[in-house]
Amino acid sequence: MSEQSTDLRETVRQRYAATAVKVTEGGTACCGPQPVEVDENFGSTLYAADERDALPAEAVAASLGCGNPTAVADLHEGERVLDLGSGGGIDVLLSARRVGPTGRAYGLDMTDEMLQLALANAAKAGATNVEFLKGTIEAIPLPADTIDVVISNCVINLSTDKPAVFAETFRVMRPGGRIGVSDVVADDTLTAEQRADRGDYVGCIAGALSFAEYRAGLEAAGFTDVEITPTHSVADGMHSAIVRATKPLTADASPEAAESADACCGINACCTSAETSGDSALTVTEAKTASGCACQN
């Protein structure tokens, strides 16, 4: 990572750490925490009143997003959801309610203060199907092919390595999984310098991709059915947008599998007279048994 990218990440971390501290300290006041000061294009006002009322006040107060991804992600019972840049946990807690006790909602954040606030909010909400992870969205600490839905609320825009974010999102997602993201997107006519003139990274403006760049980035990572729909303007030529995309059912995240089209269950030329174990340390029978392959004979 370049020195500039490191500095930008630290700037973002400090801003969100300060937000978490402000909300936590506000919780000791007689009237509870006040929402962090943002304009009408960002924050808790983008959520329905019944959603806000069902959550701890601290989770609502810490919201800094530009949309409501849980309203567009079409979550279902039993699904596993990952929120990139989960902050105080508002979208994780809303997701947890939608996926129910048989599902699970993960939040990923790089800021200790936000993670502490999110854990406290989860405890206040009585949410038992949530888990908060420390890490960056460019290196997600989850195994491949484990997540059904990835959401994010105006956070991908903050990354200085968006191709890594898209690649990691694709990696952890199960084939057939989908993205339901809110983010800031720029008109294709705006240059990077013009975007920078409209704000800074912490304000979710300067790092915005254009519509064409966002689509190209997702498609380069392997996503299909990309849809980017602007919802409201946040600055001249800059929009809050809903981003949807799908990981194809035929997506193959295993380099080993790509080496042999006839491989299955750890076996090359599976169920033919020429079959061999893909692992030289295992016999064919051992490899099939270890993988649970249905073709055991």
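The rules we used
- Residues numbered from 1 in each chain as written.
- Predicted model: local features only at pLDDT ≥ 70, side-chain atom pairs only at ≥ 80, totals over all residues.
- Heavy atoms only, no water.
- pLDDT = per-residue confidence, 0-100.
- Contact = heavy atoms within 4.5 Å.
- Helix = DSSP H or I, 4+ residues; strand = E, 2+ residues; numbered from the N terminus.
- Buried < 20%, exposed > 50% of the residue type's maximum accessible area, 1.4 Å probe, protein only.
- Polar contact = N/O pair within 3.5 Å; in protein donor to acceptor, adjacent residues only side chain to side chain.
- Arc of directions from axis to C-beta.
- Pairing = 2+ DSSP bridges.

Draft legend 1. Geometry of the confidence of the model for the protein chain. For the protein chain, mean pLDDT is 75; residues scoring 70 or higher make up 59% of the total. Confidence drops under pLDDT 50 across residues 27–39; counting only partners more than four residues distant or on other chains, this segment forms 19 contacts. Ignoring residues within four places in sequence, the model shows residues 253–263, a span with pLDDT below 50, making eleven contacts including any to other chains.

Draft legend 2. Main features of the environment of Glu168. Within the element layout of this structure, Glu168 appears in helix α6 (residues 162–172). With relative accessibility at 14%, the residue Glu168 sits in the buried group. When the C-alpha positions of Glu168 and Ala144 are compared, they lie 8.8 Å apart, and in sequence the two are 24 residues distant. Beyond its immediate chain neighbours, meaning those up to four positions away, Glu168 contacts Ile137, Glu138, Ala139 and Ile140. At 2.7 Å, the side chain of Glu168 and the backbone nitrogen of Ile140 are in polar contact. A polar contact of 2.7 Å, which involves the side chain of Glu168, links it to the side chain of Arg171.

Draft legend 3. A look at the environment of Thr111. Note that Thr111 resides in the loop between β2 (104–109) and α5 (112–125). A relative accessible area of 1% places Thr111 in the buried class. Separated by 25 residues in sequence, Thr111 and Thr136 have C-alpha atoms that sit 9.2 Å apart.

Draft legend 4. Expanded view of α6. Counting buried positions over the eleven residues of α6 gives eight, a clear majority of the element. The elements touched by buried residues of α6 are β1 (80–84), β4 (147–153), β5 (173–186), β6 (209–210) and α8 (211–221).

Draft legend 5. How the structure looks around the side chain of Ser159. With respect to the secondary-structure elements, Ser159 resides in the loop between β4 and α6. In this structure the side chain of Ser159 is engaged in a polar contact, spanning 2.6 Å, whose partner is the side chain of Glu138.

Draft legend 6. Representation of α8 within the structure. All buried positions along α8 are accounted for by Phe211, Tyr214, Gly217, Leu218 and Ala221. Across the axial projection of α8, the buried residues extend over an arc of 135°, all falling on one side. Close packing links the buried residues of α8 with α6, β5, β6, β7 (224–235) and β8 (238–246). The first or second residue beyond α8 is Gly222, which carries a positive phi of 115°.

Draft legend 7. Local environment of the pairing of β7. Pairing of β7 with β8, which is carried by eight bridges, proceeds in the antiparallel orientation. In the sheet register, Thr224 faces β8, and the bridge partner there is Thr246. Adjacent in sequence and paired antiparallel, β7 and β8 are bridged by two residues, among which Gly237 carries a positive phi angle near 80°.

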